[in-house]
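Results of the structural survey
Here are the chains, one letter per residue:
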Amino acid sequence: MLERGTTREELQTAFGWLPHTTRGFLSILGKTRAIEVTKGEDGVRTYRLAS
């Protein structure tokens, strides 16, 4: 999912995680620079593995 780009809501649904668990997971990946975050015109953030 992270290879193609995904939203926080898609991750929550796919793994059955609660919002705080998903945010924590993304926070850890962000600190290690493993993901790139982009914000669309609609304000939704998309997370993708850094290349």
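Sequence order as written defines residue numbering, which begins from 1 separately in each chain. Only residues with pLDDT of 70 or above have their local features reported here, since the model is predicted, and side-chain atom pairs are shown and tallied only from 80 upward, although totals for entire chains, interfaces and linings are computed over all residues. As a convention, hydrogens and water are excluded, and side-chain values are obtained from all of the structure's heavy atoms.

1. With respect to the overall build of the chain
We apply this condition: Helix and strand definitions follow DSSP, with helices as H or I runs of at least four residues and strands as E runs of at least two, each counted in order from the N terminus. With C-alpha atoms as the basis for the radius of gyration, the globule rule is written as 2.2 Å multiplied by the number of residues raised to the power 0.38. Residue exposure (1.4 Å probe, protein chains only): buried if accessible area is under 20% of the type maximum, exposed if over 50%, otherwise partly exposed. The contact rule is simple, with two residues in contact once any of their heavy atoms fall within 4.5 Å.
In terms of helices and strands, the chain carries two helices and two strands. Sequence-ordered secondary structure for the chain, helices as α and strands as β, is α-α-β-β. Here the chain has a C-alpha radius of gyration of 10 Å; the compact-globule value for 51 residues is 10 Å, and the two agree. With the principal axes as the frame, the chain shows a C-alpha extent of 25 × 25 × 15 Å. Expressed as a percentage of the 51 residues in the chain, the buried residues total 22%. For the chain, long-range pairs separated by at least 24 residues make up 32% of all intrachain contacts whose partners lie at least 6 apart in sequence.

2. A few points about the pairing of strand β1 (residues 35–39)
Let me state the cut-off plainly: When DSSP locates at least two bridges between a pair of strands, those strands are taken to pair.
Two strands pair when backbone bridges link them, and β1 and strand β2 (residues 45–49) are joined in this way by five bridges, in the antiparallel orientation. Counted as the bridge partner of E36 is R48 from β2. In textbook terms, the turn of a hairpin is the stretch between consecutive antiparallel strands, and for β1 and β2 this stretch comprises five residues, one of which, G43, has a positive phi near 90 degrees.

3. A closer look at the side chain of Q12
Here Q12 lies in helix α1 (residues 8–15). According to the relative accessible area criterion, Q12 is buried, its value standing at 16%.

4. Things to note about the environment of F15
Among the structural elements, F15 can be located in helix α1. For F15, a relative accessible area of 48% corresponds to the partly exposed category.

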